[in-house]
Amino acid sequence: MAELENPQAIIMPRVIRLLSSLLERVAESNDLGRRLETGHGGKISVFDGLTRPTISVQSYLERIFKYANCSPSCFAVAYVYLDRFAQRQPLLPIDSFNVHRLIITSCLVSAKFMDDMYYNNAYYAKVGGISTREMNLLEVDFLFGLGFQLNVTPDTFHAYCRYLQGEMLLGSPQIIGSTPKLHCCSGTEDESTHQHQLAV
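Please read all numbers here as calculations on a predicted model, not as lab measurements.

Here we take up the confidence of the model for the chain. The predicted structure's coordinates, where accompanied by low pLDDT, should not be read in detail. Model confidence for the chain is summarised by a mean pLDDT of 76, while 72% of its residues fall at 70 or above. Long-range and interchain partners of residues 1-9, a stretch whose pLDDT sits below 50, account for two contacts in this model, where long-range means more than four residues apart. Counted against residues more than four places away or in other chains, residues 172-180, with its pLDDT under 50, gives 21 contacts.

Structural data, given as structure tokens:
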């Protein structure tokens, strides 16, 4: 009833909170690893910013949900895409310098693949606080980084959702080799893809 009286009140889907919590922990862990390295040996890409954005991951995801009008399932699929991207691009760990650009790009690609109606790249660029040219470059790099593997089976979708819920119940990331994982469940997709386990 309060939502009807106050049209500004938007109920954020639970997936926003779950995903932001996980991505923040992974980024913080990789930031620590980056600081411990002598000279940043990681791959510099179009996703890397010169400075850390001042907006939190959760606020950024909430902004995307509020203005881009993606369905909640798009955020779960965006999570699958981030996992696949990190698996295929091990020299580009998710950290505070690239997590926002990776989020806006994975949400854009997910919305285009999942939703019947979605906004164009220029609109997403405004929502994400970047230029349209940069949004276009990020999308192309992301798609090539994924190897254009965009299909997500229902089993995979549900496995990722269960993993996010489990992470929230545990309250901390699963630790393997002292590095938080974005995804540790081993579900198979279709014959054209293999099992994915994200180690960032």
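More follows now that the structure is in view.
Two numbers describe how helix α5 (residues 99-114) lies on helix α6 (residues 121-128): the axes approach to 10 Å, and their chain directions differ by 145 degrees. Seen along the crossing, α5 lies across α6 with a hand that is right-handed. Contacts between α5 and α6 involve Ile104, Cys107, Leu108, Ala111 and Lys112 on the former and, on the latter, Asn121, Tyr124, Val127 and Gly128. Of the residues contributing to the contact of α5 with α6, the split by class is six nonpolar, two polar and one charged.

Turning next to the nonpolar core. With 50 residues, the main nonpolar core has Ile64, Phe75, Ile103 and Phe142 as its most contacted residues. Secondary-structure elements contributing two or more residues to this core are α2 (14-36), α3 (57-68), α4 (72-88), α5, α6, α7 (132-146) and α8 (154-170). A total of 10 residues in this core trace back to one element, the largest contributor, which is α4. Among all residues touching Ile64, those that are not within four sequence positions of it are Asn69, Cys70, Phe75, Ile103, Ile104, Cys107 and Val127.

Calculation criteria
- Residues numbered from 1 in each chain as written.
- Predicted model: local features only at pLDDT ≥ 70, side-chain atom pairs only at ≥ 80, totals over all residues.
- Heavy atoms only, no water.
- pLDDT = per-residue confidence, 0-100.
- Contact = heavy atoms within 4.5 Å.
- Axes fitted to C-alpha atoms, helices over the stretch in contact; angles between N-to-C directions.
- Helix = DSSP H or I, 4+ residues; strand = E, 2+ residues; numbered from the N terminus.
- Left-handed = near helix turned anticlockwise from the far one by under 90°.
- Nonpolar A, V, L, I, M, F, W, Y, C, P; charged D, E, K, R; others polar.
- Core = buried A, V, L, I, M, F, W, Y, C linked by side-chain atoms within 4.5 Å.
- Buried < 20%, exposed > 50% of the residue type's maximum accessible area, 1.4 Å probe, protein only.

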